[in-house]
Amino acid sequence: MTHDKHADLSPYEQFNVELPQQFPEQGMAARAAAALVKSECWTDANPMLNLSSFVTTFVEPEAAEIFKDGSFRNFADPDMYPHTKATEEKCVNWLHDLWNGPKDVEPYGAATIGSSEACMLAGLAHKWNWRQAREKAGKDASRPNMVTGGNVQIVWKKFLKYFDVEPRIVPLKPGQYRLTAEQLDEYVDENTICVVGIAGQTFTGEDDDFQAIHDWLDAYEEKTGISIPMHIDAASGGFVNPFLYPEYEWDFRLPRVQSINASGHKFGLVPPGLGWVIFRERAVFNEDLVFYVNYLGGEAATATLNFSKSSATVMAQYYNFIRLGKDGYTRIMKQTVENAEYLRDRLLATGKFKVMNETQRIPVVALTLDESVTNYNEFDISNKVRERGWILSAYSMPANAQEVNSLRIVVRPHLNRDAAEILAKDIEMACEYLEEHGGNATPPKLHDLHKVSPSKC
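Residues numbered from 1 in each chain as written. Predicted model: local features only at pLDDT ≥ 70, side-chain atom pairs only at ≥ 80, totals over all residues. Heavy atoms only, no water.

Asker: Would you mind showing me how to read the packing of aromatic side chains here?
Answerer: We describe a pair of aromatic rings using the distance from one ring centre to the other and the angle between the two ring planes. Taken as a whole, this structure holds 16 aromatic pairs when the rule is applied. The interplanar angle of 15 degrees and the centroid separation of 5.2 Å between the aromatic rings of Trp 216 and Tyr 220 together place this pair among those described as stacked. Residue Trp 216 and its partner Tyr 220 are located together in helix 7 (residues 210-224), separated by four residues, close to a single helical turn. In this structure, Trp 216 and Tyr 220 share a single accessibility class: buried. Among the aromatic residues, those joined into a ring-pair cluster are Trp 94, Trp 99, Phe 239, Phe 243, Trp 250, Tyr 318, Phe 321 and Tyr 329. Its end group placed over the ring of Phe 54, Lys 266 keeps NZ or CZ at 5.2 Å from the ring centre. Against the face of Tyr 248 rests Arg 361, its NZ or CZ located 3.9 Å from the ring centre. (Phe/Tyr/Trp six-rings, centres within 6.5 Å; stacked < 30°, edge-to-face > 60°. Helix = DSSP H or I, 4+ residues; strand = E, 2+ residues; numbered from the N terminus. Buried < 20%, exposed > 50% of the residue type's maximum accessible area, 1.4 Å probe, protein only. Lys NZ or Arg CZ within 6 Å of the ring centre and 35° of its normal.)

Asker: Explain the environment of Trp 276 to me, please; I cannot follow it from the model alone.
Answerer: Residue placement: Trp 276 occurs in strand 7 (residues 275-279). Along the sequence, Trp 276 and Val 314 sit 38 residues apart, while their C-alpha atoms lie 9.8 Å from each other. Here Gln 317 takes part through its side chain, which lies 3.2 Å from a polar atom of the side chain of Trp 276. (Polar contact = N/O pair within 3.5 Å; in protein donor to acceptor, adjacent residues only side chain to side chain.)

Asker: Sorry if this is basic, but what is going on with the pairing of strand 4 (residues 192-198) here?
Answerer: A regular strand carries its side chains on alternate faces of the sheet. Most of strand 4 sits out of view: seven of its seven residues are buried. With three bridges connecting them, strand 2 (residues 145-149) and strand 4 associate as parallel partners. Paired with Asn 145 across the strands is Thr 192, a residue of strand 4. Chirality of the crossover, the property in question, places the unit of strand 4, helix 7 and strand 5 (residues 230-233) among those that are right-handed. (Pairing = 2+ DSSP bridges. Right-handed = clockwise from strand over helix to strand, strands pointing away.)

Asker: How should the nonpolar core be read in this particular structure?
Answerer: In a soluble, globular protein the nonpolar side chains are often hidden away together inside. Judged by nonpolar contacts, the single largest core of 53 residues is most densely connected at Trp 99, Ile 232 and Trp 276. Listed by contribution, the elements that provide at least two residues to this core are helix 4 (82-98), helix 7, strand 5, helix 8 (241-244), strand 6 (257-263), strand 7 and helix 9 (312-348). It is helix 9 that contributes the most residues to this core, eight residues altogether. Not counting residues up to four positions away in its chain, the partners in contact with Trp 99 are Gly 238, Pro 242, Trp 250, Asp 251, Phe 252, Ile 260, Ala 262 and Ile 278. Ala 110, Trp 130, Val 165 and Val 284 belong to the second largest nonpolar core, which has 28 residues in total. (Core = buried A, V, L, I, M, F, W, Y, C linked by side-chain atoms within 4.5 Å. Contact = heavy atoms within 4.5 Å.)

Asker: Would you mind showing me how to read the sheet that holds strand 1 (residues 108-112) here?
Answerer: Within a sheet, adjacent strands bond to each other through the backbone by hydrogen bonds, running parallel or antiparallel. In space, the seven strands of this open sheet follow the order 1-7-6-5-4-2-3, with mixed pairing throughout. Of all the strands in the sheet, just strand 1 and strand 3 (166-170) have a single pairing partner and so form its edges. Across the sheet, the mean angle separating the axes of adjacent strands is 20 degrees when strand polarity is ignored. Here five bridges tie strand 2 to strand 3, and the two strands are oriented parallel to one another. Bridged to Thr 148 within strand 3 is Ile 169. Packing against the sheet, helix 4 makes contact with strand 1 and strand 7, and its axis sits at approximately 60 degrees to strand 7. Here helix 7 sits on the sheet in contact with strand 4 and strand 5, set at roughly 165 degrees to strand 5. (Axes fitted to C-alpha atoms, helices over the stretch in contact; angles between N-to-C directions.)

Asker: Please clarify how the packing of helix 10 (residues 378-385) against helix 11 (residues 417-437) should be interpreted in this entry.
Answerer: Working note: a packed helix pair is described by the angle between its axes plus the distance between those axes. Axis separation between helix 10 and helix 11 bottoms out at 9 Å; the angle between their running directions is 120 degrees. Here helix 11 runs oblique to helix 10, going by the angle between their axes. Of the two elements, helix 10 crosses helix 11, and the hand of that crossing is right-handed. For the pair helix 10 and helix 11, contact is made by Asp 380, Ile 381, Lys 384 and Val 385 and by Asp 426, Ile 427, Ala 430, Cys 431, Tyr 433 and Leu 434, respectively. Of the residues assigned to the contact of helix 10 with helix 11, the class counts are seven nonpolar, no polar and three charged. (Parallel < 35°, antiparallel > 145°, perpendicular 65-115°, else oblique. Left-handed = near helix turned anticlockwise from the far one by under 90°. Nonpolar A, V, L, I, M, F, W, Y, C, P; charged D, E, K, R; others polar.)

Asker: Is there a simple way to explain the side chain of His 214 in this structure?
Answerer: Looking at the element boundaries, His 214 is found in helix 7. Discounting residues that sit within four places of it in the chain, His 214 has contacts with Met 230, Leu 254, Pro 255 and Arg 256.

Asker: Which parts of the structure should I look at to understand the side chain of Ser 263?
Answerer: Within the secondary structure, Ser 263 sits in strand 6. Given the relative accessible area of 1%, Ser 263 is considered buried. A polar side-chain atom of Ser 263 sits 2.7 Å from a polar atom in the side chain of Ser 115.

Asker: Would you explain the pattern of salt bridges in this entry?
Answerer: When charged atoms on two side chains of opposite charge get close, those side chains can pair. Summed over the entire model, instances satisfying the criterion amount to 23 salt bridges. For Arg 168, the salt bridge is made with Glu 166, and the minimal N-O distance between the two is 2.8 Å. A salt bridge links Asp 426 to Arg 388, with the shortest nitrogen-to-oxygen separation between them at 3.2 Å. Highlighted residues: Asp 426 in helix 11 and Arg 388 in the loop between helix 10 and strand 12 (393-396), separated in sequence by 38 residues. For Asp 426, a relative accessible area of 7% corresponds to the buried category. (Salt bridge = Lys/Arg side-chain N within 4 Å of Asp/Glu carboxyl O.)

These figures come from the coordinates and say nothing about function on their own.
So this is what it looks like as structure tokens:
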């Protein structure tokens, strides 16, 4: 038997063992291994101060315990864990209701690995439905396209590339950072599988102009006979709009909206990574996309891109729904938006910034520097406040608004008024320093526009 040369060393000494380039020959004490792994993350950002991200960084201890319990339960095995699968179905039904789905239909949807998988599934459903309708009509079905705005997130560009759909991306312009009906006639045609609108877009937090887009598509169908559905990417807005703006029609109340996705790990308040895709009714998700597997003694339908995964996120979402209810989510989101408004107004009062999102719908502060500021830019501010631990996004906007830079702050529920005050002071101090010493940051060089977008995180 080979003697473990680490066995006689203390955890302090094992912690200092140099790791090999190849797979390790011997192990070490659990305490030393844990300390070594943690030490490699010491210089990573503090998740609580990472305000470039929408992703949840705090849950209640009870939710953390449920998350831990679900970690070893394979969600892909409903034969062994039928109640876990039933939990998903209950959440799907509740979200269908929350987003005002029709009452007389069979709700359908799925828990996914983040909104990215959810978007892929929705896109595939619309592509399949479009293709079958074209083939049934004896028309060419080889050139599908999808229409969305230049504020689109990277997942949609991945979908378009991976699943061979032509991108029809409507460019932005300075002062106009969302998709409207203004240019749709240049992009929509008989090969459009759907129009994707965004609820709570990454750059400014704004919603696309859903009602105007819907009305335009109605008029287009009246003129051409071509009916085009809408998908709403509500990764960020899906857990804000229903609670704060119940009269606002962004969801299934618009008849053309056939599918919606949202991120449970954003304002759904679940740790990463959980997404949801909900269809208007069962028939929207084409049966050709559903497979049935004989697995561990039973048959189960599978209609997602991923298979084995932890049940932890779904169980945590279920906990949040029954723990908070509409009333709890409403109070939390109201407080969070108020903190965002406070931070926005504090920074605007300096005279150094202009607001980019005139409509404060989700808790995102999107600013650009005033023209009077000439010796530093938004990237300089992001770099400077990082010295204080804060992570703030600085972006150059997409085509055709590349000359505009954005400083974006995601105000999540854990950021209380006291912390917002500290952040505001740190940004003000950064601006004062840069005013005196100047900045030297330059926007990063990026790939071409069909490969670049902000992440969904």
